Amino acid sequence: MIKFLDLPNQYRTIKNEVNSAINEVLESCSFIGGEYVKKFEAEFANFCEAKYCVGCGNGTDALEIAIEALQLPPKSDIIVPANSFIASSEAVSRTGHNVVFCDVSRSNFTLEIKDLKRKITSRTAAILVVHLYGQPCDMDEINAITEGTNIKIIEDCAQAHGAEYKGSRVGSLGDVAAFSFYPGKNLGAYGDAGAVTTNNNDIAVRARMIANHGRIDKYNHEFEGRNSRLDALQAAVLSVKLNHLEKWTERRIEIANLYRSHLEHISDVTVPKEEKYARHVYHLFVIQTNSRDKLSEFLKEEGIEVGVHYPIALPNLQAYCQLHKKEKFNYDSLEKSVLSLPVGEHLSDKEIIFVCERISKFFA
Ligand SMILES: *Cc1c(COP(=O)(O)O)cnc(C)c1O
């Protein structure tokens with residue numbers, strides 16, 4: 001069996017460190033805020049090359065808090081890529097703004113610059129850039145579009161911990177960024193967790209207040225916020241795992257290169273493009289093929305776990321049927337052709353080569 005994700009295997013390799021970190025928190029009974037949360041926030045800000053990190057309850061909350069912290073005019077238009085997890089667009093609606101979907105590039109799966117230019121209007125207050133599957137968006141192109149305007153850039157980094165655009169880490173490339181530490185993400189907690197990062201002190205202060213009842217001290221609330229804080233137990237686990245993340249990411253990149261060298265020559269398969277500007281961190285390794293459903297079935301029968309991200313593009317979901325205009329988009333074909341192959345530090349070269357051999361056999 002070739003697993004798509006193997007968290008028990010990863011846990012076994014770091015068990016002693018994780019267990020003693022958890023025990024320390026238990027002994028301290030410092031569960032909310034406190035030194036473990038502070039420590040992880042400082043480490044993660046440093047990792048992202050961002051000035052500030054505010055821990056929160058999960059990635060979806062992090063997106064909502066990031067958007068709220070920008071204090072955009074109510075009911076602003078925010079541009080969101082058509083291919084992402086629903087949290088990206090949900091956060092826009094939940095904070096009282098309008099979702100405007102933008103098409104995604106067929107080659108790098110992120111915001112398509114041509115359609116982005118078309119979607120910008122005088123009502124556009126922000127662009128939510130999703131560094132999907134671990135590859136950063138083309139930030140220079142996006143910044144060129146927003147230059148001289150007041151349009152804010154929000155990064156959704158839920159799949160891109162440690163990814164780089166021209167040598168700079170995601171999480172520090174826009175006005176504000178959101179991370180998820182859902183267990184299956186490249187950096188995952190042992191439960192729900194998330195974070196907001198930014199280089200802007202006002203946004204950081206505002207985000208921290210929003211996440212903690214709008215308070216400046218215990219019973220002094222400047223405005224209504226919410227309760228979405230990073231748990232100290234999760235922070236302690238994340239601090240341990242952050243020390244291993246570079247090594248795990250390097251392994252993901254090795255696996256991607258191995259896949260590429262074995263799959264590139266198959267004419268029915270398109271391997272994901274790695275942009276020259278990018279350090280792609282391969283949260284997912286997504287190929288495209290017209291025989292997606294048959295190949296997927298075949299691989300499952302061979303004991304290889306695969307996934308589809310995402311089987312229904314956001315504008316095609318029931319949740320957005322009222323927004324959907326009948327236009328032709330790249331994402332309409334992507335939802336039928338994308339297939340995510342297993343990637344992660346739990347996999348050996350031999351297993352990756354086996355997956356490639358099975359794919360070659362399928363097309364032979
Ligand atoms: C996982 C994910 C989120 C949401 O994170 P949660 O921690 O599950 O709330 C947001 N955006 C993208 C692109 C994701 O993959």
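Reference entry: report on the structure contained in this document. (Residues numbered from 1 in each chain as written. Predicted model: local features only at pLDDT ≥ 70, side-chain atom pairs only at ≥ 80, totals over all residues. Heavy atoms only, no water.)

Observations regarding the overall build of the protein chain
Right, on to step 1. Scanning the protein chain for helices and strands turns up eleven helices and 14 strands.
Right, on to step 2. Taken over C-alpha atoms, the radius of gyration comes to 21 Å for the protein chain, in line with the 21 Å a tight globule of 364 residues would show.
Right, on to step 3. Counting over 364 residues, the protein chain shows a buried share of 58%.
Right, on to step 4. Considering only contacts in the protein chain between residues 6 or more positions apart, those separated by 24 or more positions represent 70%.
Right, on to step 5. Put simply, the protein chain shows about 16,100 Å² of open surface, and 49% of that area lies on carbon and sulfur atoms.
Right, on to step 6. The positive charge centre, built from 42 side chains, and the negative charge centre, built from 49, are 3 Å apart in the protein chain. (Helix = DSSP H or I, 4+ residues; strand = E, 2+ residues; numbered from the N terminus. Rg over C-alpha atoms; globule rule 2.2 N^0.38 Å. Buried < 20%, exposed > 50% of the residue type's maximum accessible area, 1.4 Å probe, protein only. Contact = heavy atoms within 4.5 Å. Areas by Shrake-Rupley, 256 points an atom, 1.4 Å probe, with all protein chains shown as cover. Lys, Arg positive; Asp, Glu negative; His and termini not counted. Charge placed at Lys NZ, Arg CZ, Asp CG, Glu CD.)

A look at the environment of F181
Right, on to step 1. Note that F181 resides in the loop between β8 (176–180) and β9 (194–198).
Right, on to step 2. The class for F181 is buried, based on a relative accessible area of 0%.
Right, on to step 3. If we skip the residues at most four places from it in the chain, F181 touches F40, F44, H161, L187, G188, A189, G191, A193, G194, A195 and L238.

Quick word on the packing of helix α3 (residues 59–69) against helix α4 (residues 87–94)
Right, on to step 1. For the pair α3 and α4, interaxial distance at closest approach is 9 Å and the crossing angle is 45 degrees. Between α3 and α4, the angle is such that the two are oblique. The interaxial crossing formed by α3 with α4 has right-handed handedness. On α4, the residues touching T60, L63, E64 and I67 of α3 are A87, S88, E90, A91, V92 and R94. (Axes fitted to C-alpha atoms, helices over the stretch in contact; angles between N-to-C directions. Parallel < 35°, antiparallel > 145°, perpendicular 65-115°, else oblique. Left-handed = near helix turned anticlockwise from the far one by under 90°.)

Remarks on empty space enclosed by the protein
Right, on to step 1. Across all of its chains, the model carries one cavity of 30 Å³ or more by this definition.
Right, on to step 2. Volume-wise, the largest cavity comes out at about 30 Å³.
Right, on to step 3. Lining the largest cavity are E155, G171, S172, L173, G174, D175, V176, A177, T197, T198 and N199.
Right, on to step 4. Of all elements in the fold, only β8 and β9 reach the threshold of two or more residues within the lining of the largest cavity.
Right, on to step 5. Here the residues of the lining of the largest cavity are counted per class, giving three nonpolar, six polar and two charged. (1 Å grid on protein atoms, 1.4 Å probe; cavity = no way out; pocket = protein on both sides within 12 Å on 5 of 7 lines; lining within 4 Å. Points joined across faces, edges and corners; volume = space filled by probe spheres on them. Nonpolar A, V, L, I, M, F, W, Y, C, P; charged D, E, K, R; others polar.)

Comments concerning a nonpolar patch on the surface
Right, on to step 1. A grouping of L26, F31 and I32 is seen on the molecular surface, where their side chains present a nonpolar patch of about 270 Å² in accessible area.
Right, on to step 2. Summarising the element assignment, F31 is placed in the loop between α1 (7–28) and α2 (35–47).
Right, on to step 3. Overall, F31 belongs to the partly exposed group, its relative accessible area being 33%. (Patch = residues over 30% accessible without salt bridge, like charges linked within 9 Å, V, L, I, M, F, W, Y side chains within 5 Å. Salt bridge = Lys/Arg side-chain N within 4 Å of Asp/Glu carboxyl O.)

A short note on the nonpolar core
Right, on to step 1. Counting residues in hydrophobic clusters, the biggest one holds 53 residues, and the most contacted among them are F40, F44, I142 and F181.
Right, on to step 2. Of all the elements in the fold, those that place two or more residues in this core are α1, α2, β3 (98–102), α5 (113–119), β4 (124–130), α6 (139–146), β8 and α8 (232–263).
Right, on to step 3. It is α8 that provides the largest number of residues to this core, a total of nine residues.
Right, on to step 4. Leaving out residues up to four positions away in the same chain, F40 has contacts with F181, L187, L230, A235, L238, S239 and L242.
Right, on to step 5. Counting 48 residues, the second largest nonpolar core, distinct from the first, contains I78, A125, F223 and L314. (Core = buried A, V, L, I, M, F, W, Y, C linked by side-chain atoms within 4.5 Å.)

A look at the sheet that holds strand β1 (residues 52–56)
Right, on to step 1. What the seven strands build is an open sheet, ordered β1-β9-β8-β5-β4-β2-β3; its pairing is mixed. Taken across any chain shown, the strands that pair with only one partner, and hence form the sheet edges, are β1 and β3. Strand-to-strand, the axes of this sheet are offset by a mean angle of 25 degrees, without reference to chain direction.
Right, on to step 2. The strands touched by α3 within the sheet are β1, β2 (77–81), β4, β5 (152–156), β8 and β9, with β8 carrying the most contacts at an inclination of about 170 degrees.
Right, on to step 3. Contacts from helix α7 (residues 201–211) reach β1, β8 and β9, with the element oriented near 15 degrees to β1. (Pairing = 2+ DSSP bridges.)

Regarding the sheet that holds strand β6 (residues 164–165)
Right, on to step 1. Taken together, the three strands give an open sheet; going across it, the order is β7-β6-β12, and neighbouring strands pair in antiparallel fashion. The open sheet is flanked by β7 (168–169) and β12 (278–279), the only strands paired with a single partner.
Right, on to step 2. Relative to β7, β6 runs antiparallel, the two sharing two bridges. Considered in β7, the bridge of E164 is made with R169.

Details of α4
Think of an α-helix as 3.6 residues a turn; residues three or four steps apart then line up on the same face.
Right, on to step 1. Of all the positions in α4, only A87, S88, S89, A91 and V92 are classed as buried.
Right, on to step 2. Buried-residue contacts for α4 involve α3, β2, β3, β4 and β5.

Description of the environment of N150
Right, on to step 1. As for its placement among the helices and strands, N150 is situated in the loop between α6 and β5.
Right, on to step 2. With a relative accessible area of 61%, N150 lands in the exposed category.
Right, on to step 3. The spacing of N150 and L26 is 124 residues in sequence and 46 Å in space, taken between C-alpha atoms.

What to know about the layout of surface pockets
Right, on to step 1. There is about 680 Å³ of room inside the largest pocket.
Right, on to step 2. Forming the walls of the largest pocket are 39 residues, and the residues nearest its centre are A158, Y182, G184, K185 and H283.
Right, on to step 3. At the level of elements, α1, α3, α4, β8 and α8 are the ones that each hand at least two residues to the lining of the largest pocket.
Right, on to step 4. Across the lining of the largest pocket, the residue classes tally to 18 nonpolar, 14 polar and seven charged.
Right, on to step 5. For the second largest pocket, the calculated volume is near 400 Å³.
Right, on to step 6. The wall of the second largest pocket is formed by 17 residues, among which G33, E41, R208, N212 and R229 lie closest to the centre.
Right, on to step 7. When residues of the lining of the second largest pocket are traced back to their parent elements, those giving at least two are α2, β1, α7 and β10 (215–217).
Right, on to step 8. Here the lining of the second largest pocket takes four residues from α7, the largest share from any one element.
Right, on to step 9. Across the lining of the second largest pocket, the residue classes tally to eight nonpolar, four polar and five charged.

Scope: geometric values only; no functional claims are made or implied.
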